[in-house]
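The lines below spell out each chain.
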Amino acid sequence: MSNPSLGTALITGASSGIGEVYADRLAKRGYDLILVARNVERLTALATRLSTETGRKVETISAELGNAADRKVVEARLRDDAAITLFVNNAGVILGGGPLAQANVDELETMLDINVTALTRLAAAAAAGFAQRKRGIIVNLSSLLALLDTPQTAAYGATKAYVLSFTHSLDLELAPQGVQVQAVLPGYTRTPMIGNGAGIPDEQIMEVEDLVDAALAGMDNKELVTIPAQHGDSDYARVVEARTKLLSGLVANRPASRYGVTSIAA
Ligand SMILES: NC(=O)c1ccc[n+]([C@@H]2O[C@H](COP(=O)([O-])OP(=O)(O)OC[C@H]3O[C@@H](n4cnc5c(N)ncnc54)[C@H](OP(=O)(O)O)[C@@H]3O)[C@@H](O)[C@H]2O)c1
């Protein structure tokens, strides 16, 4: 049975890992679901299990998010379906790893299509629908790598830094319109993305259920940025504060004196 007060959650990348656990948890909370990914068999099996276990309405959309036509189907749904109240912008890939000078740039481009282009287009569609209805939550999956220098995965880390920066700015646009946004920054999480986790110490890998449960608690607390492994309440807030302080002196009409430029500014 559907729960009209919660509405419907649309989750991309729902066929495995983090997206699959979001689907489980959100159905159990009482959301109806729209599950998006390429693997139809996995999506259908998950939809059948969750609708049987929870009685929720669970629909699947098979979409290759690197393909413009497929993406547009999901965009239209996010923009126009007034039942959708929560969008988990989760699908992501890590491709073309290794030193950039030797990278397979076609793989890198595919990754940018999924992690940046699709994520942005889908967020824009959700933002339009939610702002019009003055209600909704957008959850964007970033990564701890957004905060780190990432040799060997420079482009992947940069896509996740994009997601973090994008979410900060979206919040400023959308909060006044009644729309909540959240960036989630997982570290290593036990999903197919990290394979069997070989070479990563066990104490550095979070179980995917714990990660999603913490992310949902952050969402409930209306956190803009949720870092499930961050123990100090205000550690990330201090980073933002330092960034704001740095910027306060940087908007100027003359270069700093150490550059020795005789400014032509009046
Ligand atoms: N696992 C980690 O350690 C970790 C850490 C930090 C951040 N993250 C981020 O968390 C998110 C989820 O990752 P995960 O660990 O759950 O990975 P995962 O288990 O590999 O799942 C990725 C999901 O994205 C979907 N997907 C991939 N390419 C797609 C495409 N072209 N079109 C449509 N769907 C596509 C996959 O479904 P199909 O293959 O069926 O299409 C799958 O459902 C990603 O954005 C990832 O960057 C993960």
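As a reminder, the structure under discussion sits directly above these lines.
Heads up: these notes are all about the structure in this document. (Residues numbered from 1 in each chain as written. Predicted model: local features only at pLDDT ≥ 70, side-chain atom pairs only at ≥ 80, totals over all residues. Heavy atoms only, no water.)

Describing the overall build of the protein chain
Filter applied, for reference: Secondary structure elements follow DSSP: runs of H or I of four or more residues count as helices, runs of E of two or more count as strands, with numbering from the N terminus. Here the globule rule is a power law, 2.2 Å times the number of residues to the power 0.38, and the radius of gyration is based on C-alpha atoms. Buried residues are those whose accessible area, probed at 1.4 Å on protein chains only, stays under 20% of the maximum for their type, while exposed residues exceed 50% and partly exposed ones sit between those limits. Every residue pair with non-hydrogen atoms within 4.5 Å of one another is taken to be in contact. Only the protein chains shown count as cover for residues, with accessible areas throughout obtained via the Shrake-Rupley method and a probe of 1.4 Å. Only four residue types enter the tally: Lys and Arg on the positive side, Asp and Glu on the negative side, with His and both chain ends excluded. The atom standing in for a charge is NZ when the residue is Lys, CZ when it is Arg, CG when it is Asp and CD when it is Glu.
Looking only at helices and strands, the protein chain features 7 helices and 9 strands. The C-alpha atoms of the protein chain give a radius of gyration of 20 Å, which matches the 18 Å a tight globule of 266 residues would have. For the C-alpha atoms alone, the extent of the protein chain along its principal axes is close to 70 × 45 × 40 Å. The buried share of the protein chain, reckoned over its 266 residues, is 42%. When contacts within the protein chain are restricted to residue pairs at least 6 apart in sequence, those whose partners lie at least 24 apart make up 66%. Accessible surface computed for the protein chain: about 13,800 Å², of which carbon and sulfur atoms make up 55%. Distance between charge centres in the protein chain, computed from 24 positive and 29 negative side chains, equals 7 Å.

Here's the deal with the site of the ligand
Inclusion rule: We call a residue near a molecule or strand as soon as one heavy atom of that residue lies within 4 Å of the molecule or strand. Any N or O atom pair separated by 3.5 Å or less is treated as a polar contact, with the protein-specific requirement of one donor-capable and one acceptor-capable atom, and with residues adjacent in sequence counted only for side-chain atom pairs.
In the vicinity of the ligand, 30 residues are found, and the nearest of them are S15, R38, E64, Y156 and T191. Note that an oxygen atom of the ligand is positioned 2.9 Å from one of the backbone N or O atoms of T189. Side-chain polar atom of T191 to an oxygen atom of the ligand: 2.5 Å apart, as the coordinates give it. Counting residues per element, the ones that place at least two in the shell around the ligand are α1 (17-29) and α5 (154-174).

Some details on the nonpolar core
Inclusion rule: Within this scheme, the nonpolar core is defined by two criteria: the residues are buried Ala, Val, Leu, Ile, Met, Phe, Trp, Tyr or Cys, and they are joined through side-chain atoms within 4.5 Å.
Formed by 30 residues in total, the largest nonpolar core has its most connected members in I11, Y22, L26, L33, L35, L86 and V139. Those elements that place two or more of their residues in this core are β1 (8-12), α1, β2 (32-37), α2 (40-54), β4 (84-89), β5 (136-141) and α6 (208-220). If we skip the residues at most four places from it in the chain, I11 touches G19, Y22, A23, L26, L33, I34, L35, V36 and V88.

Quick look at the pairing of β4
The criterion, for reference: Following DSSP output, two strands are said to pair if at least two bridges run between them. Here the term right-handed applies to a crossover when the path leading from its first strand over the helix to its second strand runs clockwise, the strands being oriented away from the viewer.
The buried fraction of β4 amounts to 6 of the 6 residues, a majority that puts the element mostly inside the structure. With 4 bridges joining them, β1 and β4 adopt parallel strand pairing. In the sheet register, T8 faces β4, and the bridge partner there is I84. Examined bridge by bridge, β4 and β5 share 4 bridges and lie parallel to one another. The residue of β5 that forms the bridge with L86 is I137. In this fold, the crossover linking β4 to β5 by way of helix α4 (residues 105-133) has right-handed handedness.

Describing the pattern of salt bridges
Where we set the bar: When a carboxyl oxygen of Asp or Glu is within 4 Å of a side-chain nitrogen of Lys or Arg, the pair counts as a salt bridge.
For the coordinates displayed, the defined rule picks out 16 salt bridges. E20 serves as the salt-bridge partner of R42, at 3.0 Å between the closest nitrogen and oxygen. Note that R42 is positioned in helix α2 and E20 in helix α1, a separation of 22 residues in sequence. The salt bridge involving D220 is made with R29; its shortest N-O contact spans 2.8 Å. You can see D220 sitting in helix α6 and its partner R29 sitting in helix α1, a full 191 residues away along the chain. In this structure, a network of salt bridges that share partners links the residues D24, R25, K28, R49, E53 and D213.

Re the environment of Q230
Mapped onto the fold, Q230 is located in the loop between β9 (225-226) and α7 (235-248). Accessibility expressed as a relative area gives 25% for Q230, which makes it partly exposed. A sequence separation of 181 residues divides Q230 from R49, and the C-alpha atoms of the two residues are 33 Å apart. Those residues in contact with Q230 that sit more than four places away from it in its chain are D235 and Y236. Within the structure, Q230 has its side chain in polar contact with the backbone oxygen of D233 (distance 3.4 Å). Here Y236 takes part through its backbone nitrogen, which lies 3.1 Å from a polar atom of the side chain of Q230.

Comments concerning the pairing of β2
Extensive coverage of β2 is indicated by the burial of 6 of its 6 residues. On β2, burial covers both faces: D32, I34 and V36 on one face and L33, L35 and A37 on the other are all buried. With 5 bridges joining them, β1 and β2 adopt parallel strand pairing. For T12, the partnering residue across the bridge sits in β2 and is V36. For the segment spanning β1, α1 and β2, crossover handedness is right-handed. Of the pairings in the sheet, the one linking β2 to strand β3 (residues 58-62) comprises 5 bridges and is parallel in character. Bridge pairing in β3 places I34 opposite E59.

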